[in-house]
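Coordinate analysis (summary)
If you want the building blocks of each chain, they are given just below.
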Amino acid sequence: MIELIPAIDIIDGKCVRLTKGDYNQKTVYGNPLDMAQRFEAIGYHRLHVVDLDGAKSKHVVNSDVLHQITKGTNLIVDFGGGIKTDEDIEKAFEAGASMVTIGSVAVTCPDLFKRWLQRFGAERIILGADVRNGMISINGWKEDSQEHLTDFLRRYVDMGIKNVLCTEISKDGTLSGPAIPLYKDIMAAYPQLNLIASGGVSSIDDIKALDASGIPAVVFGKAIYEGRIDLQELINWKMENCK
């Protein structure tokens, strides 16, 4: 059964959503802690938090907001955005993150990523695979690397990575439906992965389609804030199917 992971993206301490990672296409939705507590009250257990200021600035910025969420809820929180150094990753864990999502460093500093994987363990590291036209994007999606998704995944699966968050950037924030063929291809190549799909989810039907395709987990945000997904209805569907 697919794992449901609501998302909170943070700019200036507020909950926001971008479209296709464009900081000029920003909608503000309010207080991150209030939103996290709402998710928990309904029955969700996981939360994906992205420090968009950190991704842009290339260092963690909103660790205080992360700490507010982890202190104010019992949610299992994974955190990403701006983690570039030992200080950044330690700050994220000290602020209460259970896991961190690392994307850019895995491209630009693979030796550092490998050291973190060995130091913190594969259970606490999520490989961020942000994809545009088949290539990995970095630094808050503001730069495209020369790394193809296939080669990127192969290298880190061989290194022991277990968790991968894959975002199809052309889908993100568009409410146009998830990139199911892409995720199915990844699962066919690496069935052992805990693959987390991200981008384009517009409805409960989209999540049901991902589940039917065998995708282990999904991150979704804008569909919540735009009223496209009823969080209670979604959790009821999962609970009914887990009986």
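Residues numbered from 1 in each chain as written. Predicted model: local features only at pLDDT ≥ 70, side-chain atom pairs only at ≥ 80, totals over all residues. Heavy atoms only, no water.

1. Description of the packing of aromatic side chains
Formally: To pair, rings of Phe, Tyr and Trp, with the six-membered ring standing in for Trp, must have centres within 6.5 Å; the planes then decide the type, stacked if under 30 degrees apart, edge-to-face if over 60, and tilted in the middle. For the purposes of this entry, the term helix denotes a DSSP run of H or I that reaches at least four residues, the term strand denotes a run of E that reaches at least two, and both are numbered from the N terminus. Think of it in three bands: residues with accessible area under 20% of the maximum for their type are buried, residues over 50% are exposed, and the middle band is partly exposed, with areas taken using a 1.4 Å probe on protein chains only. When the NZ atom of lysine or the CZ atom of arginine is within 6 Å of a ring's centre and also within 35 degrees of its normal, the charge is said to sit over that ring.
In this structure the tally under the stated criterion is four aromatic pairs. A ring pair is formed by Tyr29 and Tyr225, whose centres lie 4.8 Å apart and whose planes are at 25°; its orientation type is stacked. In this pair, Tyr29 sits in strand S3 (residues 22-30) while Tyr225 sits in helix H10 (residues 222-225), placing the two residues 196 residues apart along the sequence. What makes Tyr29 partly exposed here is its relative accessible area of 21%. Seen in terms of ring centroids, Phe152 and Tyr156 are 5.5 Å apart; in terms of plane orientation they differ by 75°. Their pairing is edge-to-face. You can see Phe152 and its partner Tyr156 sitting in helix H7 (residues 149-159), four residues apart, about one turn around the helix. For the pair formed by Phe152 and Tyr156, the shared burial category is buried. Just above the ring of Phe93 sits the side chain of Arg124; from NZ or CZ to the centre is 3.9 Å.

2. Remarks on unusual backbone geometry
For Asp12, which is not a glycine, the phi torsion comes out positive at approximately 55°. For Asp12, the location among the structural elements is in the loop between strand S1 (3-11) and strand S2 (14-19). Exposure remark for Asp12: the relative accessible area of 57% places this residue in the exposed category. Residue Asn133 is not a glycine yet carries a positive backbone phi of 55°. When you line up the elements, Asn133 lands in the loop between strand S7 (125-132) and strand S8 (135-138).

3. Some points on the side chain of Asp206
Short version of the rule: Only four residue types enter the tally: Lys and Arg on the positive side, Asp and Glu on the negative side; His and the chain ends are excluded. Throughout this description, the term salt bridge denotes a Lys or Arg side-chain nitrogen within 4 Å of a carboxyl oxygen of Asp or Glu. The contact rule is simple, with two residues in contact once any of their heavy atoms fall within 4.5 Å.
Within the fold, Asp206 resides in helix H9 (residues 204-212). This buried residue, Asp206, is left without a salt bridge; Arg228 holds the nearest opposite charge, at 7.5 Å. Excluding anything up to four places from it in sequence, Asp206 contacts Gly177, Pro178, Gly200 and Val201.

Everything listed here is a matter of geometry and, on its own, says nothing about what the molecule does.
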